[in-house]
Amino acid sequence: MRILFALAALPLLTTFAPYVLYKDPVLPRHPAVRFLPVPLDESDPARRRLGGLIFLEGWAIESNDPRFGGISAIRVDGDEVLAISDAGSLIRVTLPASGSAQITIRTLSEGPGLASSKFDRDVEAMTVHGGHAWLAFEGRNAIWRYNRDDWSSDAGFEPPAMQNWPGNDGGEAMLRQADGSFLIFSEGKRRPDGSTEALLFEGDPAVAGTSAVTLGYRAPEGYRITDVARLPDGRILYLNRRASIPEGFSARLTVGRGGDFEAGEILAGREIARFDAPITVDNLEAMSIGQEDGRTVVWLASDDNFSALQRTLLLKFTLAE
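As a starting point, this report considers the structure included with it.

Reading guide: rules and limits
As a convention, each chain's residues are numbered from 1 in the sequence order in which they are written. For a predicted model such as this one, the threshold for reporting local features is a pLDDT of at least 70, and the threshold for listing and counting side-chain atom pairs is 80 or more; totals across whole chains, interfaces and linings nevertheless cover every residue. To obtain the side-chain values, all non-hydrogen atoms of the structure were used and water was disregarded. What counts as a helix is a DSSP run of H or I of at least four residues, what counts as a strand is a run of E of at least two, and both are numbered from the N terminus. In this description, contact between two residues means that some pair of their heavy atoms is separated by no more than 4.5 Å. Note on ring pairs: Phe, Tyr and Trp rings are taken, using the six-membered ring of Trp, and paired if centres are within 6.5 Å. Classes follow the plane angle, with under 30 degrees stacked, over 60 edge-to-face and the rest tilted. The criterion for strand pairing is that DSSP finds at least two bridges linking the strands in question. Residues enter a nonpolar core if they are buried and are Ala, Val, Leu, Ile, Met, Phe, Trp, Tyr or Cys, with the set joined through side-chain atoms within 4.5 Å. When a residue's accessible area, from a 1.4 Å probe over protein chains only, is under 20% of the maximum for its type it is buried; when over 50% it is exposed; and in between it is partly exposed. Helix axes are fitted to C-alpha atoms over the stretch in contact, other axes to C-alpha atoms as well, and angles between N-to-C directions run from 0 to 180 degrees. Take a side-chain nitrogen of Lys or Arg and a carboxyl oxygen of Asp or Glu: if they are within 4 Å of each other, that pair is a salt bridge.

Following the sequence through the fold, Ala60 ends up in strand E3 (residues 53–63). Contacts of Ala60, omitting those with residues within four sequence positions, involve Arg34, Phe35, Leu36, Val38, Arg311, Thr312 and Leu313.

Going through the model one piece at a time under the given rule, you end up with nine aromatic pairs. Aromatic side chains Tyr146 and Trp151 sit 5.7 Å apart centroid to centroid with 45 degrees between the ring planes, which places their arrangement in the tilted category.

Here the focus is the sheet that holds strand E12 (residues 171–176). Strands sit in the order E12-E13-E14-E15-E19 across an open sheet of five strands; the sheet is mixed. Sheet topology places E12 and strand E19 (266–267) at the edges, where each strand pairs with a single neighbour.

What follows concerns the nonpolar core. Leu237, Phe275, Met287 and Phe317 are the most contacted members of the largest nonpolar core, which has 27 residues in total. Contributions of two or more residues to this core are made by E3, strand E17 (236–244), strand E18 (248–256), strand E20 (270–275), strand E21 (284–292), strand E22 (295–302) and strand E23 (312–319). Looking at this core, the element that brings in the most residues is E23, giving four residues. Setting aside chain neighbours within four positions, we find Met287 in contact with Ile74, Asp227, Val228, Ala229, Leu237, Tyr238, Leu239, Leu253, Val298, Trp299 and Leu300. Core analysis: the next-biggest nonpolar cluster, separate from the first, contains 20 residues, Phe35, Ile103, Ile105 and Trp299 among them.

Strand order in the open sheet formed by four strands is E16-E17-E18-E20, and the pairing between neighbours is antiparallel. Sheet topology places strand E16 (224–230) and E20 at the edges, where each strand pairs with a single neighbour. Sheet twist, expressed as the average angle between the axes of neighbouring strands with direction ignored, equals 20 degrees. Sheet topology places E16 next to E17; six bridges connect them, and they run antiparallel.

Scanning the model with the defined rule gives 21 salt bridges in all. Arg34 is paired through a salt bridge with Glu62; the nearest N and O atoms lie 2.6 Å apart. Taken together, the residues span a long stretch of sequence, with Arg34 in strand E1 (residues 33–37) and Glu62 in strand E3 at a distance of 28 residues. For Glu62, a relative accessible area of 36% gives the class partly exposed. Residue Arg235 is joined to Asp233 by a salt bridge in which the shortest nitrogen-to-oxygen separation is 2.9 Å.

If you want it as structure tokens, here you go:
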């Protein structure tokens, strides 16, 4: 049955968001959120190991607020999840361990174009450093920088090097490295060698004039990158997603080196985990890295495309290697 759901959802991978979200949605008087526990392996609920990951806990998340869903980027801090939707909403959810789970949703008030335009406010990637967050707007191929305290913007730019990226294959994953450089990955802009295009900015891509060089990224065969994150030791985790018939959704998590990269270099990772049914999986698009009790924690979340046929999953693992 889940495969049938996935098949029905395949056309929605164009990051669809319903028109109702942009025309006075009916909002509940009391927004609520539910966390429904899910196992790692639906055929073996006691299973905990998945390649180089150890499963800690996971949930399917539901809300009565129609703006909830479409999650393409997350940041987990303590017991709070900050999620950005591909409809331009800032979603804050407290985890069940904090007591009664709560949710708040607000529209991103500043950004390229119009807040009422799906094309203008399709956020697909986020990276955070200090008091700032950078968001990648896929349709506009723009990067904007925000103050995390009030989400006002103090910089925004459409880098010329990104302007030939197709509207629905634009900036899908973004990472700030320790030296202040930024890696930004196109979801589907192909290079002659078969890799997809990535850019290495020497500094802040939200500031006009920041120079960039072109790289390539080679995802696992048949997959596309959906997010990227830096591990505490400097290595890079790549989240890669596939939607196919008849398998439905699957994902591959790979790890590669961090540090300095040269123009033209092709980035790639070594596979450490694969998400195939009966493993719990959906349209995995978002990742966050943290540390708890000396362990590296990997959070993964799925984009339900605002479809009743898909789920918003939040999965928590510790890195075992």
